[in-house]
Amino acid sequence: MTTINLKTRFFIVIVLIVSSITIHLIPFALYGKHPLGYDTGFYRRYLIEPAVSFPNPPSPGLGNDAFLTRLLLHTIRFSGLSPDAILYGGYIIAWAAIVVVFFLLIESFFNLKIALLAAFLFTFSPIQYINYWSMLWKNTLATLFLFLAFWAINKKSWVLIPLTIAISFTHQTTSIFYILILAIYLLLNFKNANKQELLKFT
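Residues numbered from 1 in each chain as written. Predicted model: local features only at pLDDT ≥ 70, side-chain atom pairs only at ≥ 80, totals over all residues. Heavy atoms only, no water.

Some details on the environment of F145
Stated formally: Each helix is a run of DSSP H or I of at least 4 residues and each strand a run of E of at least 2, with the numbering of both proceeding from the N terminus.
Along the chain, F145 turns up in helix α7 (residues 137-155). In this structure, the C-alpha to C-alpha distance between F145 and A118, residues 27 residues apart in sequence, is 19 Å.

Below you can see the structure in the form of structure tokens.
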């Protein structure tokens, strides 16, 4: 990888981050300080409640299946930031991180140009924006781990193990989807490995 490629990639990442943050700030500019969806109340309640344990016990919208989400939100509370800064700021940063990881994931399969196009299409996708507007915090965090896990699978990296655990303790629906995808991947690779072994004896 040349220095020019590193500089180009760094510039692209900065552009993607700025684009993501900008587009996700639009609802706040148009509709005030609490513009996002119904689930906002669940997360604000969790952040406003007094700390009685670490993390706080499960609450509506943040059950046992969202342990890692509760742990992350509770950890950020130690920063002294306001509940709204944690809730919205963390959410917007998580979406920016998703865009960057998505770019790196697509690039690992294809090339820089395709990855850049895919990342911009993802950033400005109506479906992505509806999900964002719905304030699906734990789903968003799980999606970040999901994209990282797909990247780890492609790179055959050991970090797949902690990422799999992280997905399992973040969002139940994403966990089920991930397990199905992982099972199909392992099955296909097992079949391919068997074919290669058979070819050696023919």
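Once the structure has been displayed, the description carries forward.
Looking at the pattern of salt bridges
The test is simple: A side-chain nitrogen of Lys or Arg and a carboxyl oxygen of Asp or Glu constitute a salt bridge if their distance falls within 4 Å. Working definition: with a 1.4 Å probe on protein chains only, accessible area under 20% of the residue-type maximum means buried, over 50% means exposed, and in between means partly exposed.
The full count for this structure, using the stated rule, is 3 salt bridges. Where D84 meets R44, a salt bridge forms, and the shortest distance between an N and an O atom there is 2.8 Å. Of this pair, D84 sits in helix α4 (residues 83-109) while R44 sits in helix α2 (residues 40-48), and the two are 40 residues apart along the sequence. Residue classification places R44 among the partly exposed residues on the basis of a relative accessible area of 25%. With its nearest N and O atoms 3.2 Å apart, the salt bridge here joins R45 to E49.

Some words on the packing of aromatic side chains
The condition that has to hold: Stacked, edge-to-face and tilted labels apply to pairs of Phe, Tyr and Trp rings (six-membered ring for Trp) whose centres lie within 6.5 Å, assigned for plane angles under 30 degrees, over 60, and everything in between, in that order.
Enumeration over the complete set of coordinates arrives at 15 aromatic pairs. Judged by centre distance (6.2 Å) and plane angle (35°), the rings of Y91 and W137 are tilted. Placement of the pair is Y91 in helix α4 and W137 in helix α7, with a sequence separation of 46 residues. For the pair Y91 and W137, one class covers both residues: buried.

A look at the layout of surface pockets
Unfilled space is identified by rolling a water-sized probe across the atoms. Which entries qualify depends on this criterion: Two kinds of site are reported from a 1 Å grid over the protein atoms alone, namely cavities, where a 1.4 Å probe fits but cannot get out, and pockets, open sets with protein on both sides within 12 Å along at least five of seven lines, and residues are called lining when an atom falls within 4 Å of a point. Grid points are joined across faces, edges and corners, and a volume is the space filled by probe spheres set on the points. Residue polarity follows a fixed list, in which Ala, Val, Leu, Ile, Met, Phe, Trp, Tyr, Cys and Pro are nonpolar, Asp, Glu, Lys and Arg are charged, and the others, Gly among them, are polar.
Approximately 160 Å³ is the volume attributed to the largest pocket. Every element with two or more residues in the lining of the largest pocket is listed here: α7 and α9 (172-200). Sorting elements by how many residues they give to the lining of the largest pocket places α9 first, with 4 residues. The class makeup of the residues in the lining of the largest pocket is 7 nonpolar, 1 polar and 1 charged.

Quick look at the packing of α2 against helix α3 (residues 67-77)
Note the following rule: As a rule, the C-alpha atoms of each element are fitted with a line to give its axis, helices using only the stretch in contact, and angles between N-to-C directions run from 0 to 180 degrees. An angle counts as roughly parallel when it lies under 35 degrees, as roughly antiparallel when it exceeds 145, as roughly perpendicular when it falls between 65 and 115, and as oblique in every other case. The handedness criterion is simple: a crossing whose near helix is rotated anticlockwise from the far helix by less than a right angle is left-handed, and one whose near helix is rotated clockwise is right-handed. For this analysis, residues touch if any pair of their heavy atoms sits within 4.5 Å.
Viewed as axis vectors pointing N to C, α2 and α3 meet at an angle of 50°, and their least axial separation amounts to 10 Å. On the basis of their axis angle, the class for α2 and α3 is oblique. Crossing geometry of α2 relative to α3 is assigned as right-handed. Contact residues: Y43, Y46 and L47 in α2; R70, L73, H74 and R77 in α3. Within the contact of α2 with α3, the residues separate by chemical class into 4 nonpolar, 1 polar and 2 charged.

Notes on a nonpolar patch on the surface
Short version of the rule: Residues form patches when they are more than 30% accessible in relative terms and have no salt bridge. Like charges link within 9 Å. Nonpolar side chains (Val, Leu, Ile, Met, Phe, Trp, Tyr) link within 5 Å. Per-residue and other accessible areas were derived by the Shrake-Rupley procedure at a 1.4 Å probe size, with only the shown protein chains allowed to occlude residues.
Judged by side-chain polarity, I26, L30, Y31 and W133 come together as a nonpolar surface patch covering roughly 420 Å² of accessible area. In terms of residue count, the dominant contributor to the nonpolar patch is helix α1 (residues 3-31) (3 residues). Structurally, Y31 can be placed in helix α1.

Details of the packing of α4 against helix α6 (residues 126-133)
Put simply, α4 and α6 touch, their axes get as near as 12 Å, and they point 155° apart. The orientation of α4 relative to α6 falls into the category roughly antiparallel. In this structure, the crossing between α4 and α6 has a hand that is right-handed. Between α4 and α6, the contacting residues are Y91, I92 and W95 on the first element and Q128, N131 and Y132 on the second.

Some thoughts on unusual backbone geometry
Here the residue pair F54 and P55 is connected by a cis peptide bond, since its omega of -10° sits within 30 degrees of zero. Turning to its location among the elements, P55 is positioned in the loop between α2 and α3. The backbone phi angle of M135 is positive, close to 60°, even though this residue is not glycine. Relative to the helices and strands, M135 is located in the loop between α6 and α7. You can call M135 buried: its relative accessible area is 0%.

Points about helix α5 (residues 112-123)
For the record, the criterion: Expected helix span is computed as 1.5 Å times (number of residues minus one). Directions from the helix axis toward the C-beta atoms define the arc.
For α5, built from 12 residues, the straight-helix expectation of 16 Å at 1.5 Å per residue is met to within 8% by its first-to-last C-alpha distance of 16 Å. Turning to α5, its buried residues are A115, A118, A119, F122 and T123. Seen from one end, α5 has its buried residues packed into an arc of 135°, which puts them on one side. α5 presents K113, L117 and L121 as exposed residues on the side facing more than 90 degrees away from its buried surface.

In short, geometric facts, not functional conclusions.
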